[in-house]
Amino acid sequence: MTRPALIIDCDPGVDDAVALLLAFAAPTLELLAITTVGGNVPGHATQRNARMMRQIAGRAEVPVFGGAERPMKRPPAGAGEFHGPDGLGDMAPFEPTAIVGDGPAANAIVDLVMRRPEGTVSLVVLGPMTNLALAMRREPRLAGRLGPVAVMGGARSEGGNITASAEFNIWADPDAAAVVFGSGCEVVAFGLDATHQVRATEARIRAIEAIDSEAARTTAAMLRFSQRVEREIVGWPTPDWGAPLHDACPVAWTMAPELFDLKPCRIEVETQSDLTRGHTAVEFRVDPATARHRWAIGADAQGVFDLIARTLAEAAR
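Residues numbered from 1 in each chain as written. Predicted model: local features only at pLDDT ≥ 70, side-chain atom pairs only at ≥ 80, totals over all residues. Heavy atoms only, no water.

J.: For the overall build of the chain, give the residues involved together with the corresponding values.
T.: Across its full length, the chain carries 13 helices and eleven strands. Taking the principal axes of the C-alpha coordinates as reference, the chain spans close to 45 × 45 × 40 Å. Counting every position in the chain, which comprises 317 residues, the buried fraction comes to 58%. For the chain, long-range pairs separated by at least 24 residues make up 81% of all intrachain contacts whose partners lie at least 6 apart in sequence. With an accessible surface of roughly 12900 Å², the chain has 52% of that area assigned to carbon and sulfur atoms. (Helix = DSSP H or I, 4+ residues; strand = E, 2+ residues; numbered from the N terminus. Buried < 20%, exposed > 50% of the residue type's maximum accessible area, 1.4 Å probe, protein only. Contact = heavy atoms within 4.5 Å. Areas by Shrake-Rupley, 256 points an atom, 1.4 Å probe, with all protein chains shown as cover.)

Encoded structure:
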């Protein structure tokens, strides 16, 4: 079988770090590049953090391109309280040996997609969609050339995590999200409705801690940090609760789509109202045969964590 060719656009971020380590360890994925954007922490930190994960995973051949430092039309936002001041929880930052790639991320996305046959390169977007929107503005044919775009972003039945109705990644750059959802490309969205089902319980973290590799230890450390922050900031309703693992979900779907339940829909993003900025209007009353968007409504949480543990364990052998 041909391995899916993939670009991961991200803003590491502890859950981005877990997603990257999963993707780096997966032999079933052809990683063309990692592109970074300002989001959870500023852009200079997200590209360094991505290069740190690349070095920990031993995947120096995968290029990392730095991208947009700020949203298309708005001031930068951050989420350091959930990710630590440097973006990687308790992990001390270091300067990776491999440098960032030449040129901005938007250019790299265009070049990598346009040089391959139509529909053969997919994107996983784990932060604000600024880089992809800028790439679409640069190359109007890009949307028609892309394979599925799997994004972590949005909220419907769960409500928002940054405002009453908006999830952080969409809220941070709603204008970019509106460009991507309105482009006509196929988008699979993993919003809070699904990612809040995928929680890092104690047993799931211990299973990863039992794996003897730097990548697994780093993954477990990110999950431990999220567990502590979730307890302190959000609260812990039951003893077996756990922090949601958002950004690993689109990567896990790319590897094992059977782990998620998807529903055809149309997604539009609010860009005008300050009150509902970044709200994702998810409309299920569509023709499934022509719908360009799908919304994740369910997730096999244990299956996602089993996939992470199994992939990291096999990479450690």
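J.: How would you explain the layout of surface pockets if you had to name every residue and give the values?
T.: Quantified by volume, the largest pocket comes out at close to 580 Å³. If you trace the largest pocket, you find 31 residues lining it, with Phe82, His83, Asn161, Pro244 and His246 closest to the centre. When contributions to the lining of the largest pocket are tallied by element, the ones reaching two or more residues are helix H1 (14–25), helix H3 (80–83), helix H7 (168–172), strand E7 (199–200), helix H11 (214–234) and strand E8 (243–244). If one sorts the elements of the lining of the largest pocket by residue count, H11 sits on top with five residues. If you add up the space inside the second largest pocket, you get close to 200 Å³. If you trace the second largest pocket, you find 13 residues lining it, with Pro4, Ser122, Pro148, Trp253 and Thr254 closest to the centre. (1 Å grid on protein atoms, 1.4 Å probe; cavity = no way out; pocket = protein on both sides within 12 Å on 5 of 7 lines; lining within 4 Å. Points joined across faces, edges and corners; volume = space filled by probe spheres on them.)

J.: Lay out the packing of aromatic side chains with the relevant residues and their values.
T.: Taken as a whole and assessed by the stated rule, the structure comprises three aromatic pairs. With a centroid separation of 6.4 Å and 35° between ring planes, the pair formed by Phe168 and Trp171 is classed as tilted. Note that Phe168 and Trp171 are positioned in helix H7 at a spacing of three residues, about one turn of the helix. Among the residues examined, Phe168 registers a relative accessible area of 7% and is labelled buried. Under the relative-accessibility criterion, Trp171 is labelled buried at 18%. Of the aromatic side chains, those joined through ring pairs into one cluster are Phe190, Trp253 and Phe260. (Phe/Tyr/Trp six-rings, centres within 6.5 Å; stacked < 30°, edge-to-face > 60°.)

J.: Give me the nonpolar core: which residues, what numbers.
T.: In terms of nonpolar packing, the biggest core is built from 64 residues, with Ile8, Ile34, Met53, Ile208, Val251, Phe260 and Ile308 touching the most fellow members. In this structure, Val251 is in contact with Ile8, Ala19, Leu22, Ala23, Leu29 and Val124, ignoring residues within four places of it in sequence. Membership of the second largest hydrophobic core comes to 41 residues, among which are Ala108, Val113, Leu146 and Ile170. (Core = buried A, V, L, I, M, F, W, Y, C linked by side-chain atoms within 4.5 Å.)

J.: So, the packing of helix H5 (residues 130–138) against helix H8 (residues 174–181): which residues are in play, and what are the values?
T.: Remark: H5 packs on H8, axes separated minimally by 8 Å, with the N-to-C direction vectors making an angle of 55°. Put simply, H5 runs oblique to H8. Seen along the crossing, H5 lies across H8 with a hand that is left-handed. Along the contact surface, H5 presents Thr130, Leu132, Ala133, Met136 and Arg137, while H8 presents Ala176, Val179 and Val180. Here the residues of the contact of H5 with H8 sort into six nonpolar, one polar and one charged. (Axes fitted to C-alpha atoms, helices over the stretch in contact; angles between N-to-C directions. Parallel < 35°, antiparallel > 145°, perpendicular 65-115°, else oblique. Left-handed = near helix turned anticlockwise from the far one by under 90°. Nonpolar A, V, L, I, M, F, W, Y, C, P; charged D, E, K, R; others polar.)

J.: If you had to explain the side chain of Arg48 to someone new, which residues and values would you point to?
T.: Mapped onto the fold, Arg48 is located in helix H2 (residues 43–57). Here Asp86 takes part through its backbone oxygen, which lies 3.2 Å from a polar atom of the side chain of Arg48. Beyond its immediate sequence surroundings of up to four residues, Arg48 is in contact with Asp86, Pro93, Phe94, Glu95 and Pro96. (Polar contact = N/O pair within 3.5 Å; in protein donor to acceptor, adjacent residues only side chain to side chain.)

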